[in-house]
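# Coordinate analysis (summary)
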Amino acid sequence: MFTRNSLIRISISYLLLVVLFGCSFNPSNRVTIRFWNGFTGPDGRTMLRLVKRFNESNPTIHVLMQRMDWGTYYNKLFVAGISNRAPEVFVIHAGNIERFMHARFLRSIDDLITQPSPNGIDIADFSENIWQITENNGQHYALPLDVHILGMYYNRTLFKQAGLVDALGNPRPPKTKQEFIDALVRLTKDTNHDGQPETWGYVYTWLRTNVYTIMQQWNGKFFNSDYSQCLLNSPENVEALQFCVDLIQKLKVAPAPQNFDSWIGFRQGKVGIAFEGIYMLEDLKKQTDLEYAGAPLPLLGIKPAAWADSHLLCLKSGLDGKKLDASWRFIKFLSDNSLDWADGGQIPVRKSLRATDRFHRMEVQYEFATQIPYICYVPRIPYIFEFLTEFDIAVEKALRGSLSPKLALDIATENVNQIIRRQRQVGAIPSPQNDPN
């Protein structure tokens, strides 16, 4: 039975809890940070759930997430940076980091990541070839969230029908150039002999990533050591692009890009093999009538290579104080919980997370992740958009058959070299002797 004094003590304790609770959750005490990204697809819903979890577990911080289409995202982000209105936290692709570092829009994270536990992150937990993409002059300017790698998706049903199986009758994806070509020949079938195969062995999806990977496997070079000259038309790149064209024109195991909806064709069961990124996995998960699997890319050239990109978590330049502390806490939360992000079709960059049983059960992600030691990012140049535009045009003209691989790459090379000369004349990029790369 409660006495009068005990009831008074309980009441006072309750009032203190109410006061403390109210103060800690007072919206006026919250630090609000803006978070911009281009995750407008299913990945956006995954990220939104992560943001919600962070807000719920960190009542003194409120993250406002804004998503916009990647097609317009970078222009808006760059304009916001110029006018000093950039969000506290934002996402960029690894291929664009040079442009943003060159514009001085990024804050270094070295003093944050090297903090004592629990605020810091062990740098050794990152693969060196991924961590180094964020570095410039000894400073690191972003935290990699993921690595999305090009890999091989294949149709298990078509493989079985073509007899591409191992001793146990399981589909056997090709690992070498000869195995790849043999598989494509057997998978390409024109059963009614009308000259139009009902099933294709291979199909080009995103021309850029497919051909870039094959050129890298041929050990092709894109620039000289100081980036003062474009080498896109090097003999290795010409030979690699000719191999790509031969799959269409000579071996006839792949359709020309203008004549076939590539990824839809794979999802419809009309294609045996497609090279695509891990980010397309969510599409396939919805395809309940498609028996598919993932595997590392075959070795088609002289060295293993796979195109890759990463989403990088960045802090705006000049960020400090409570905003900085809150922003870093949010970035670290996303990194620590990037296995949840991986569920949406990504690969975490943290070695410790990839070593977990949970990640090993993500079959396609796990297979693609075996390629991390030899992933290839696009060149780190401030004029990356211009370079990739010329690259895309050259590749498309060659695969469509409107120009030879040599001529297409010659034209692209000259156009990129003109861009380099103009950039140097106006001082937009350093002269060769001062180039940090």
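Placed above this text is the structure.
Model, not experiment: these values are computed from the prediction.

On a plain count of helices and strands, the protein chain comes out with 19 helices and 13 strands. In terms of overall dimensions, the protein chain has a C-alpha envelope of 95 × 60 × 35 Å along the principal axes. Classification of the 437 residues of the protein chain by burial places 52% in the buried group. A separation threshold of at least 6 residues defines the contact pool for the protein chain, and within that pool the share at least 24 residues apart is 72%. Of the roughly 20300 Å² that the protein chain leaves accessible, carbon and sulfur atoms contribute 53%. Measuring between centres, the 47 positive side-chain charges of the protein chain sit 7 Å from its 44 negative side-chain charges.

According to the stated counting rule, one finds 18 salt bridges in the structure shown. Across the pair Asp392 and Arg208 runs a salt bridge whose closest N-O atoms are separated by 2.6 Å. With Asp392 in helix H18 (residues 384–400) and Arg208 in helix H9 (residues 207–217), this residue pair connects regions lying 184 residues apart in the sequence. Overall, the relative accessible area of 17% leaves Arg208 in the buried class. It is possible to trace a salt-bridge network through shared partners that takes in Arg53, Asp340, Asp343 and Arg358.

It is worth spelling out the layout of surface pockets at this point. In this structure, the largest pocket occupies an estimated 880 Å³ of space. Contributing to the lining of the largest pocket are 34 residues, with Trp70, His93, His148, Trp206 and His311 lying nearest its centre. When residues of the lining of the largest pocket are traced back to their parent elements, those giving at least two are helix H2 (42–57), helix H3 (70–82), helix H12 (281–285), strand E11 (306–309) and H18. In terms of residues, the lining of the largest pocket owes the most to one element, H3, which gives 4 residues. For the lining of the largest pocket, the residue count by class is 12 nonpolar, 13 polar and 9 charged. Quantified by volume, the second largest pocket comes out at close to 510 Å³.

Attention now moves to unusual backbone geometry. Trans is the prevailing form of peptide bonds, just as negative phi is the prevailing case for residues other than glycine. The omega torsion across Ser117 and Pro118 is 10 degrees, close enough to zero to call that bond cis. Mapped onto the secondary structure, Pro118 falls in the loop between helix H5 (110–113) and helix H6 (128–131). Even without being glycine, Asn219 reaches a positive phi, approximately 65 degrees. With respect to the helices and strands, Asn219 occurs in the loop between H9 and helix H10 (235–249). Not every positive phi belongs to a glycine, and Tyr227 is a case in point at roughly 60 degrees. With respect to the helices and strands, the residue Tyr227 is situated in the loop between H9 and H10.

Parameters at a glance
- Residues numbered from 1 in each chain as written.
- Predicted model: local features only at pLDDT ≥ 70, side-chain atom pairs only at ≥ 80, totals over all residues.
- Heavy atoms only, no water.
- Helix = DSSP H or I, 4+ residues; strand = E, 2+ residues; numbered from the N terminus.
- Buried < 20%, exposed > 50% of the residue type's maximum accessible area, 1.4 Å probe, protein only.
- Contact = heavy atoms within 4.5 Å.
- Areas by Shrake-Rupley, 256 points an atom, 1.4 Å probe, with all protein chains shown as cover.
- Lys, Arg positive; Asp, Glu negative; His and termini not counted.
- Charge placed at Lys NZ, Arg CZ, Asp CG, Glu CD.
- Salt bridge = Lys/Arg side-chain N within 4 Å of Asp/Glu carboxyl O.
- 1 Å grid on protein atoms, 1.4 Å probe; cavity = no way out; pocket = protein on both sides within 12 Å on 5 of 7 lines; lining within 4 Å.
- Points joined across faces, edges and corners; volume = space filled by probe spheres on them.
- Nonpolar A, V, L, I, M, F, W, Y, C, P; charged D, E, K, R; others polar.

These figures capture arrangement, not role.
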